[in-house]
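Chain residues, written in single-letter form:
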Amino acid sequence: MTLADEAAGSLEGATRPLQPPSPWKASNKQLCAIWCLALLATLFTNLEAVPGMRTISMACCCLLAECLDRLWVFLLCLLPMGVLMGLTTWGYLQEAALVICVAFQIPLSLAYLAHRRLVTRHPELWSVTLAFPSVHTALWTLSSLVLPVGSFSSPAYDVAGQWLMLTQCSAWLGRSAVTFVLSWVAASGAHRWASSHGPGFKAALASLFIVCIAGGIRFYVPTISIDRDFVSPGGAVRDFLHVSCLSSMDNLYATTAARLAAGDAIVMHSERLTDAETGLDAPVPRYQHLLEQHFNKTQIEAVIVLSFEDDGKSWYHLVTREGSVMSYAKNHPVPFVESDLSPGTSRPTVTAPRALGRPDAEQISLTGTICFDTDFPAVTRFLDADLLLETSQTWSNIGRQHLRGHQYAALENGQTLVKCTKNGYTGAIDPYGSIIEQVPQGSGVVSMMVPRFPKLVTFPLLYLIFDSIVGLAACLWLLLACSPQLSCRWLGRCHF
């Protein structure tokens, strides 16, 4: 062979289109089985969620996106996924949950389509497995800002209250970090199965392992001691607060006075339980007077959380003997269920520190939210208080998961959260996200001793930075998925 022939052969090899590596050729039966597994896993998400089921569901959908030849078939497969997602959140909004979850499959399909195009175009590049988690996480972050359902059905809620080692990362980067890690494991695992390229899956598993190790260190370090004294998870308890939750009773004022006389430092009314009278019997001055009498008799400070409807809004008042020290109207009435309410425009604030329960008690700052508002990070973040007092009302079968989901509010703020509810689960969550108290409550009084944990350091600004970076990355990946020329130029070797 002459040099000219060799050069011509080399030129021909360089210009010949690259052939994709041999992918996994799934039969129709196998693809159908993967789809059924995705549907089954979706049934065990959200309400009474089984940890990992959402990850399995996402992995199956990524695998279908990569292996199905016809795009319209894959898009059709997403519709039943939306139906089942709506069924798992049926208790929240019933028919409306079904409609919202099915409609949300339209933007979610962008994440799967970006994964489909990029991993088939660049199968050897592990970095393309980051496309799905970036777009998927950005969509859920955006949904918590613009959709009326907040973040209650995001993948992070799949592990809420049940995988403390993983959810600790939300104290550093926000709950979006949980969604990102789980989405990356799902997408890279699907690509590993479909193409036998494992670096992306190894990187995702390594990130999951590192996050869990770091979370374990954060959770258990306060309990490490060279002696054998008991230290509870979350660190040493400084003191206890006597807290009671009142729900559905005839003589609310008398019961509140009885709880104060019994030594409660905090008495909470469940959502919209307080009678909204006017004039001298208006709730705030009436209960302020009760607290004045209590202080004059005992020299002990206490607070009462009032919740009532007034002027078409659901109001929250944190009342001391000085009056209402924090009030706001519910920002996010539950769609359809609370269509009679108008949204408030102001956010909750943080009170000045005060000693509760004993004159010599350590002073703590307080804040509070109303039920569904706690599902919106934009409302709860930056509430830099020691204790968050949430008044709530739930229904159907959503009570336990609603309490678990509010773990993220406690973690992102490094604070103790106390939830008082009607027809759900009243409870308390410590700054590490551990549910330290949960009691089903329909009516009557639930009293509990809530440990007074020290407030932890958190990084709310990093949550915003992480969400912004993921959002920008999502835009970039979508651009590369839509433009083969750009992806080939920026990412290198392409298969068409």
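The name an unreviewed UniProt entry gives the protein is CN hydrolase domain-containing protein, with Durusdinium trenchii as the organism.

A. View of the packing of aromatic side chains. Tallied over the full model, the rule gives 12 aromatic pairs. On the basis of an interplanar angle of 65° and a centroid distance of 4.8 Å, the ring pair of Phe104 and Trp140 is categorised as edge-to-face. Taken together, the residues Phe104 in helix H6 (residues 95–121) and Trp140 in helix H7 (residues 131–146) connect sequence positions 36 residues apart. Residue Trp140 is classed as buried on the basis of its relative accessible area of 6%. Consider the rings of Tyr157 and Tyr408, whose centres lie 6.0 Å apart with planes at 15°: the pair is stacked. Here Tyr408 lies in helix H16 (residues 407–413) and Tyr157 lies in the loop between H7 and helix H8 (164–167), a separation of 251 residues in the sequence. Each member of the pair, Tyr157 as well as Tyr408, carries the same accessibility label: buried. Three or more aromatic residues joined by ring pairs form one cluster here, namely Trp126, Phe180, Trp184 and Phe466. The lysine or arginine in question, Arg286, covers the ring of Tyr253, its NZ or CZ lying 4.2 Å from the ring centre. Sitting over the face of the ring of Phe295, Arg321 holds its NZ or CZ atom 3.7 Å from the ring centroid.

B. Representation of the pattern of salt bridges within the structure. Counted by the stated rule, this structure contains 15 salt bridges. When the shortest N-O distance is used, the salt bridge between Glu322 and Arg321 registers 3.9 Å. Accessibility expressed as a relative area gives 47% for Glu322, which makes it partly exposed. The salt bridge partner of Glu412 is Arg381, with a shortest N-O separation of 3.1 Å.

C. Region of interest: the state of the cysteines. All told, the structure shown has 1 disulfide when counted by the stated rule. With a sulfur-sulfur separation of 2.0 Å, Cys245 is cross-linked through a disulfide to Cys420. Every disulfide takes its handedness from the sign of the S-S torsion; for Cys245 and Cys420 that torsion is 70°, giving right-handed. A residue pair is termed long-range when its members are at least 10 positions apart, and Cys245 in strand S1 (residues 240–247) and Cys420 in strand S8 (residues 416–422) qualify at 175 residues. Take Cys245: its relative accessible area is 1%, and that puts it in the buried class.

D. Structural view of unusual backbone geometry. Phi angles above zero are rare outside glycine, and Arg272 is one such case at about 55°. Despite not being glycine, Asn423 has its phi angle at roughly 60°, a positive value. On the secondary structure map, Asn423 appears in the loop between S8 and strand S9 (424–429).

E. Examining the UniProt feature "transmembrane region" (unreviewed entry) in the protein more closely. Annotation from UniProt places "transmembrane region" (unreviewed entry) at residues 32–50, 71–90, 96–113, 125–152, 172–191, 203–221 and 461–480. A distance of 26 Å separates the end C-alpha atoms of residues 203–221, which is 95% helix and 0% strand. With 100% helix and 0% strand, residues 461–480 has end C-alpha atoms that lie 29 Å from one another.

F. View of the pairing of strand S3 (residues 303–310). Most of S3 sits inside the fold, with 6 of its 8 residues counted as buried. Here S3 runs beside strand S4 (residues 313–320); their pairing, made up of 7 bridges, is antiparallel. By the bridge assignment, Asp310 is partnered in S4 with Lys313. Between S3 and S4, which pair antiparallel in sequence order, lie 2 residues; one of them, Asp311, sits at a positive phi of approximately 55°.

G. Quick peek at the nonpolar core. Ranked by size, the top nonpolar core spans 69 residues in total, and within it Tyr112, Leu166, Val178 and Trp477 carry the most contacts. Broken down by element, this core gets its largest block of residues, 11 residues, from helix H10 (residues 176–195). When sequence neighbours within four positions are dropped, the list of residues in contact with Val178 reads Ala156, Val159, Leu166, Thr167, Cys169 and Tyr408.

H. Representation of a nonpolar patch on the surface within the structure. Taken together, the side chains of Leu173, Val457, Phe459, Leu461, Leu462, Leu464, Ile465 and Ile469 define a hydrophobic patch exposed on the protein surface, amounting to about 710 Å² of accessible area. At 5 residues, helix H17 (residues 460–482) tops the list of elements feeding residues into the nonpolar patch.

Conventions adopted
- Residues numbered from 1 in each chain as written.
- Predicted model: local features only at pLDDT ≥ 70, side-chain atom pairs only at ≥ 80, totals over all residues.
- Heavy atoms only, no water.
- Phe/Tyr/Trp six-rings, centres within 6.5 Å; stacked < 30°, edge-to-face > 60°.
- Helix = DSSP H or I, 4+ residues; strand = E, 2+ residues; numbered from the N terminus.
- Buried < 20%, exposed > 50% of the residue type's maximum accessible area, 1.4 Å probe, protein only.
- Lys NZ or Arg CZ within 6 Å of the ring centre and 35° of its normal.
- Salt bridge = Lys/Arg side-chain N within 4 Å of Asp/Glu carboxyl O.
- Disulfide = S-S within 2.5 Å.
- UniProt positions renumbered as here; feature names shortened; annotations may be inferred.
- Pairing = 2+ DSSP bridges.
- Core = buried A, V, L, I, M, F, W, Y, C linked by side-chain atoms within 4.5 Å.
- Contact = heavy atoms within 4.5 Å.
- Patch = residues over 30% accessible without salt bridge, like charges linked within 9 Å, V, L, I, M, F, W, Y side chains within 5 Å.
- Areas by Shrake-Rupley, 256 points an atom, 1.4 Å probe, with all protein chains shown as cover.

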